[in-house]
Amino acid sequence: THNAEDNCCFRAPVVKPLNYDAIVPIFRLFGKEDVFGWHENMDPSNHNYQLDNRTHVYHFFSKVFGLPAFDEDTTTWSELKTYEEMEVGLPKDNLTILGLAQKVASHLSRAPIPPAGGERDAWVAGQRQRLREVVRLDPAEMAQNWTVSITKNKGVETFSHLFRMANGLSASGVLVHAIDGPAQSPATIVLDDGGKKQAEGAASTRVNRGERVLALDLIFNGDSWHGPVEHSSYRSPEPGHYIQYLNTQGERALGVECGQLIAIARWLRDQPGVTQVRLESTGIRNQVASLVAAAIEPRLFSEVVIHDGMRSLGYVITKPVPYLEAPDLFCLDLYKDFDLDQFAAIAAPTKVKTEHYVEDAVKQ
């Protein structure tokens, strides 16, 4: 049963060839073609399960399950209840999903970070392994790196890259450096929750310091996620919806992003003339991706600098942050087992510095 002009998804004329026509021959092989039915709703034809759809389903069930023939009864409309008759109400102290999350979070407790020494080393090793498990890190391998564009203008050279990973997912970035810059220099990866197009200021600052800069969009960010594409019969999912699909497969978007970031940072580190790689991110999503990547690969980055970051992962549920604005941060068990100060401790000897906090901006 599908609707001819569904305003949500799966319009009947589009899905019928693969949803029904292609399957009928399989039923026919077993002599059961009559137990597989199709109905295209044209009244009211939008996203609905109203009278026309229900009536056809009831007739179908009557036939295939050997039930008495379904007979439409126009008197059933009198049995419909009003909203007031159906309303049962909720207790005054009934918790919402957000309230439940806040209540659970208020009781979280974690052992303090041990002082430097053997105890800290053992703690770091265990925490790093647990972090890998929580984000379901699957080390990414770069399958292909396509240079899709090159520019040389006003003393600056850029290389636009499409990084395709072995798992089929991609990231995109623009590598920028001064044409007459030093042969040996540090490199900075710049990440921004608004996409690399918003990272122009941070990128130009580092280029002016003689560094190479890779303005990078990890998967689900900026140009590496095309966003909703509208067609007459199709609307591509939001990143948050796709991340929900990933979760059902046991994957975690945060782990996928960190795997990409680590693989691309290794590639950048191995470029001729690069002496070290640092990270600079803006926004809470890339803050967490940067810190987790540095905690998992602590000697890969010389420094992690955060702009507009959180003081704690608890900000996600105290602000609160809507799921679709930061779906990768809704990672099962992440806040239960970790907070940002722990990431920084596990990332040592990488230096971690936060220059601006979103909480401060909210207060202002």
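Here we summarise the structure given alongside this text. (Residues numbered from 1 in each chain as written. Predicted model: local features only at pLDDT ≥ 70, side-chain atom pairs only at ≥ 80, totals over all residues. Heavy atoms only, no water.)

Right, let's get into the environment of Ala 105. With respect to the helices and strands, Ala 105 occurs in helix H5 (residues 97–106). In the structure, Ala 105 is positioned 213 residues away from Thr 318 in sequence and 9.8 Å away in space, judged by C-alpha atoms. Beyond its immediate stretch of four places on either side in the chain, Ala 105 contacts Ile 317 and Tyr 335. (Helix = DSSP H or I, 4+ residues; strand = E, 2+ residues; numbered from the N terminus. Contact = heavy atoms within 4.5 Å.)

What follows deals with the environment of Asn 208. Within the secondary structure layout, Asn 208 lies in helix H7 (residues 200–208). Sequence separation of Asn 208 and Leu 279 is 71 residues, and the distance between their C-alpha atoms is 16 Å.

Per the stated rule, a full pass over the model turns up 13 aromatic pairs. Site record: aromatic cluster; members linked through ring pairs are Tyr 20, Phe 27, Phe 36 and Trp 38. Above the face of the Tyr 357 ring, Arg 311 is positioned so that its terminal group lies 4.0 Å from the ring centre. (Phe/Tyr/Trp six-rings, centres within 6.5 Å; stacked < 30°, edge-to-face > 60°. Lys NZ or Arg CZ within 6 Å of the ring centre and 35° of its normal.)

Another point: the sheet that holds strand E9 (residues 303–307). One open sheet holds the eight strands; their spatial order is E3-E4-E5-E7-E6-E8-E9-E10, and the pairing between them is mixed. Each of the sheet's edge strands pairs with one partner strand only, and the pair in question is strand E3 (142–153) and strand E10 (351–354). Strand-to-strand twist in this sheet, taken as the mean axis angle between neighbours without regard to direction, amounts to 20 degrees. Pairing of strand E6 (residues 185–192) with strand E7 (residues 212–217) involves four bridges; the strand directions are parallel. (Pairing = 2+ DSSP bridges. Axes fitted to C-alpha atoms, helices over the stretch in contact; angles between N-to-C directions.)

Enumeration over the complete set of coordinates arrives at one cavity of 30 Å³ or more. One number sums up the size of the largest cavity: a volume of about 40 Å³. As for the largest cavity, its lining consists of Ile 243, Asn 247, Arg 252, Ala 253, Leu 254, Pro 327, Asp 328, Phe 330 and Cys 331. Going through the elements one at a time, helix H8 (239–248) and helix H9 (253–269) are the ones with two or more residues in the lining of the largest cavity. (1 Å grid on protein atoms, 1.4 Å probe; cavity = no way out; pocket = protein on both sides within 12 Å on 5 of 7 lines; lining within 4 Å. Points joined across faces, edges and corners; volume = space filled by probe spheres on them.)

With 14 residues, helix H3 (residues 51–64) should reach 20 Å at 1.5 Å per residue; the first-to-last C-alpha distance of 20 Å fits that figure. Three or more residues of H3 are buried, namely Asp 52, Asn 53, Thr 55, Val 57 and Ser 62. The secondary structure elements touched by the buried residues of H3 are strand E1 (2–3) and strand E2 (40–41). At the exit of H3 stands Gly 66, carrying a positive phi of roughly 65 degrees. (Expected span 1.5 Å × (residues − 1). Buried < 20%, exposed > 50% of the residue type's maximum accessible area, 1.4 Å probe, protein only.)

Turning our eyes to something else, we now look at the nonpolar core. Within the largest apolar cluster, 58 residues are counted, with the highest numbers of intra-cluster contacts made by Ile 189, Leu 216, Met 310 and Leu 334. Excluding residues that lie within four positions of it along the chain, Met 310 makes contacts with Ile 284, Gln 287, Val 288, Tyr 315, Val 316, Leu 329, Leu 340, Tyr 357, Val 358 and Glu 359. Membership of the second largest hydrophobic core comes to eight residues, among which are Phe 220, Leu 246, Ala 253 and Val 256. (Core = buried A, V, L, I, M, F, W, Y, C linked by side-chain atoms within 4.5 Å.)

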